[in-house]
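Reading the structure
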Amino acid sequence: MRLGADEDGKGGYVFPASAVRSWTDSEIVLTIPADAPVGGSWLFVEVAGKQSTGLPYSVQQ
């Protein structure tokens, strides 16, 4: 997962695999690491080199 990317999915913070708690076809549950960027941005899911459509997302302290 990539948080804080631009609208094209470039840049941002890549979540470590250890942050993912569970993953099904309809839901991804993850723990937000302490060093994740705070504020509004875009969230993308990447699997096997393919990227999802971006979703607006924000992290609050």
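Residues numbered from 1 in each chain as written. Predicted model: local features only at pLDDT ≥ 70, side-chain atom pairs only at ≥ 80, totals over all residues. Heavy atoms only, no water.

**Looking at the overall build of the protein**
Scanning the protein from N- to C-terminus turns up 0 helices and 8 strands. Ordering the α and β elements of the protein from the N terminus gives β-β-β-β-β-β-β-β. Here the C-alpha radius of gyration of the protein, 11 Å, is about what a compact globule of 61 residues would show, namely 10 Å. Within the span of the protein, comprising 61 residues, buried residues form 26% of the whole. Pairs at least 24 apart in sequence give 35% of the contacts found in the protein among residues at least 6 apart. Of the accessible surface of the protein, which amounts to about 4,400 Å², a share of 50% is contributed by carbon and sulfur atoms. Charged side chains of the protein number 4 positive and 7 negative; the gap between the two group centres comes to 6 Å. (Helix = DSSP H or I, 4+ residues; strand = E, 2+ residues; numbered from the N terminus. Rg over C-alpha atoms; globule rule 2.2 N^0.38 Å. Buried < 20%, exposed > 50% of the residue type's maximum accessible area, 1.4 Å probe, protein only. Contact = heavy atoms within 4.5 Å. Areas by Shrake-Rupley, 256 points an atom, 1.4 Å probe, with all protein chains shown as cover. Lys, Arg positive; Asp, Glu negative; His and termini not counted. Charge placed at Lys NZ, Arg CZ, Asp CG, Glu CD.)

**Looking at the pairing of strand 3 (residues 20-23)**
As judged from the 3 bridges shared by strand 3 and strand 4 (residues 28-30), these two strands associate in the antiparallel manner. Residue Ser22 lies in a different strand from strand 4, and its bridge partner there is Val29. Once strand 3 ends, the chain turns through 4 residues before running back antiparallel as strand 4. (Pairing = 2+ DSSP bridges.)

**Focus: the pairing of strand 5 (residues 39-44)**
Relative to strand 5, strand 1 (residues 2-5) runs antiparallel, the two being bridged by 3 bridges. Paired with Arg2 across the strands is Phe44, a residue of strand 5. Note that strand 5 and strand 8 (residues 55-59) share 5 bridges and pair antiparallel. Across the sheet, the residue bridging to Leu43 is Leu55, located in strand 8.

**Concerning the confidence of the model for the protein**
For the protein, mean pLDDT is 82; residues scoring 70 or higher make up 100% of the total. The secondary-structure element of the protein with the lowest mean pLDDT is strand 1, recorded at 75, while strand 3 shows the highest, at 91. (pLDDT = per-residue confidence, 0-100.)

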